[in-house]
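Examining the three-dimensional arrangement
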Amino acid sequence: MGKQVWRVVVAGGAAAAFTAVAAVPAGAAEGGVSFSRVQVNGGKPIVIGTSLEVAAPATFRMTTTRKWKWPAVFLYREGADRLWHAIETSDCIKVSSGVCDFKETMYFDPSVWDMRNSEAGAWKVGAEVYFKGGGGDVDDKGLTVRVKRNSRLTVNASPEPVAKGRTITVTGKVTRANWETRKYVYYGGRLVSLQFKPAGTTSYTTVKKVYANGSGNLRTTVKASKTGTWRWVYNGNTTTGPSKSSGDHVVVK
């Protein structure tokens with residue numbers, strides 16, 4: 001079955017092992033259970049770095065007349081390969097007879113579990129439940145969630161201060177999380193935006209776009225016209241999250 005969901009903590013602190021009851025079917029609910037109103041992380045990608053645990057909220061509704069335990073939604077790919085994570089699920093929030101809403105949190109901890117870089121990308125959403133007395137139900141919910149490697153940017157603008165009309169050189173580096181080594185490594189060839197915020201204002205404007213070299217290094221020049229703050233911005237892609245550098249303030253005299 002590949003990686004699965006291995007720990008569920010229900011309200012009240014009880015813990016239980018949670019393994020798949022079956023491969024995820026492509027069709028509708030089986031076993032007298034239906035899941036609806038499924039949402040994971042507000043529809044946004046789940047971006048994971050190299051050391052900090054990431055908590056992704058989820059909600060769903062379950063309808064059944066059967067006696068059940070440990071319902072949850074999870075992420076999987078074709079072939080029943082599941083993304084390794086822990087789950088915390090609320091008790092039933094009763095809507096009506098046989099209908100419960102649930103709040104869930106998926107926990108992804110790259111410092112504890114061996115994550116593979118190939119796990120970045122699209123994952124499908126499934127829902128499952130165990131029945132008291134044995135058996136269970138598992139369904140495909142027709143949703144897609146993207147799991148991404150975190151990226152980082154640095155910036156340096158010099159000289160500081162600078163005379164008006166002279167050249168400012170702005171450098172930086174783009175890196176992204178390598179889940180297998182648990183380190184940030186250079187991310188070459190990325191198209192990154194250089195942005196500027198004039199002193200006394202609150203918003204940045206893109207000045208130009210620059211490609212990082214093969215080692216992830218960024219370098220460009222601009223004319224000094226006014227005092228303000230420079231930063232780099234990367235928009236991310238299907239496997240890598242977006243990032244912004246801190247700002248580097250340059251006084252123009």
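Predicted, not measured: the structure shown is a model, and the values here were computed from it.

1. Examining the overall build of the chain
When you go through the chain residue by residue, the secondary structure sums to 0 helices and 21 strands. Relative to its full complement of 253 residues, the chain shows a buried share of 45%. When contacts within the chain are restricted to residue pairs at least 6 apart in sequence, those whose partners lie at least 24 apart make up 68%. Within the structure as shown, the chain displays about 12,200 Å² of accessible surface, and the carbon and sulfur contribution to it stands at 50%.

2. Brief notes about the confidence of the model for the chain
One rule of thumb: low pLDDT means the predicted coordinates there are not for detailed reading. For the chain, the mean per-residue pLDDT works out to 88, and 87% of the residues sit at or above 70. Predicted confidence for residues 1-22 stays below pLDDT 50, and this span has 71 contacts to residues more than four positions away or in other chains.

3. Digging into the state of the cysteines
Within the structure shown, the criterion is met by 1 disulfide. What pairs with Cys 92 in a disulfide is Cys 100, and their sulfur atoms sit 2.0 Å apart. On the sign convention where negative is left-handed, the bridge of Cys 92 and Cys 100, at about -85° about the S-S bond, is left-handed. Residue Cys 92 is classed as partly exposed on the basis of its relative accessible area of 32%. You can call Cys 100 buried: its relative accessible area is 8%.

4. Here's the deal with the sheet that holds strand S4 (residues 46-48)
In space, the 5 strands of this open sheet follow the order S4-S12-S11-S6-S7, with mixed pairing throughout. Here the strands that pair on one side only, and so sit at the sheet edges, are S4 and strand S7 (81-82). Pairing of S4 with strand S12 (residues 136-149) involves 3 bridges; the strand directions are parallel. When the bridges of S12 are listed, Ile 48 appears paired with Arg 149.

5. Focus on the pairing of strand S14 (residues 167-178)
The element S14 is extensively covered by neighbouring structure, given that 9 of its 12 residues are classed as buried. As paired strands, strand S13 (residues 151-158) and S14 are joined by 8 bridges and run antiparallel to one another. When the bridges of S14 are listed, Ser 151 appears paired with Arg 176. Direction of pairing for S14 relative to strand S15 (residues 183-186): antiparallel, over a ladder of 4 bridges. If you follow Ala 177 over to S15, its bridge partner there is Tyr 184.

6. Describing the packing of aromatic side chains
Under the definition given, this model contains 8 aromatic pairs. Measuring from ring centre to ring centre gives 5.0 Å for Phe 60 and Phe 102, while their planes differ by 20°; the resulting arrangement is stacked. In this pair, Phe 60 sits in strand S5 (residues 54-64) while Phe 102 sits in strand S10 (residues 99-108), placing the two residues 42 residues apart along the sequence. Phe 102 shares its class with Phe 60; the two are buried. Consider the rings of Trp 70 and Tyr 130, whose centres lie 6.1 Å apart with planes at 85°: the pair is edge-to-face. Remark: Tyr 130 occurs in strand S11 (residues 121-131) and Trp 70 occurs in strand S6 (residues 68-77); sequence separation between them is 60 residues. We classify Tyr 130 as buried; its relative accessible area is 15%. Members of the aromatic cluster, connected to one another through ring pairs, are Phe 35, Phe 60, Trp 68 and Phe 102. In this arrangement the basic side chain of Arg 66 is found over the ring face of Phe 131, its NZ or CZ atom lying 3.9 Å from the centre.

The rules behind the values
Residues numbered from 1 in each chain as written. Predicted model: local features only at pLDDT ≥ 70, side-chain atom pairs only at ≥ 80, totals over all residues. Heavy atoms only, no water. Helix = DSSP H or I, 4+ residues; strand = E, 2+ residues; numbered from the N terminus. Buried < 20%, exposed > 50% of the residue type's maximum accessible area, 1.4 Å probe, protein only. Contact = heavy atoms within 4.5 Å. Areas by Shrake-Rupley, 256 points an atom, 1.4 Å probe, with all protein chains shown as cover. pLDDT = per-residue confidence, 0-100. Disulfide = S-S within 2.5 Å. Pairing = 2+ DSSP bridges. Phe/Tyr/Trp six-rings, centres within 6.5 Å; stacked < 30°, edge-to-face > 60°. Lys NZ or Arg CZ within 6 Å of the ring centre and 35° of its normal.

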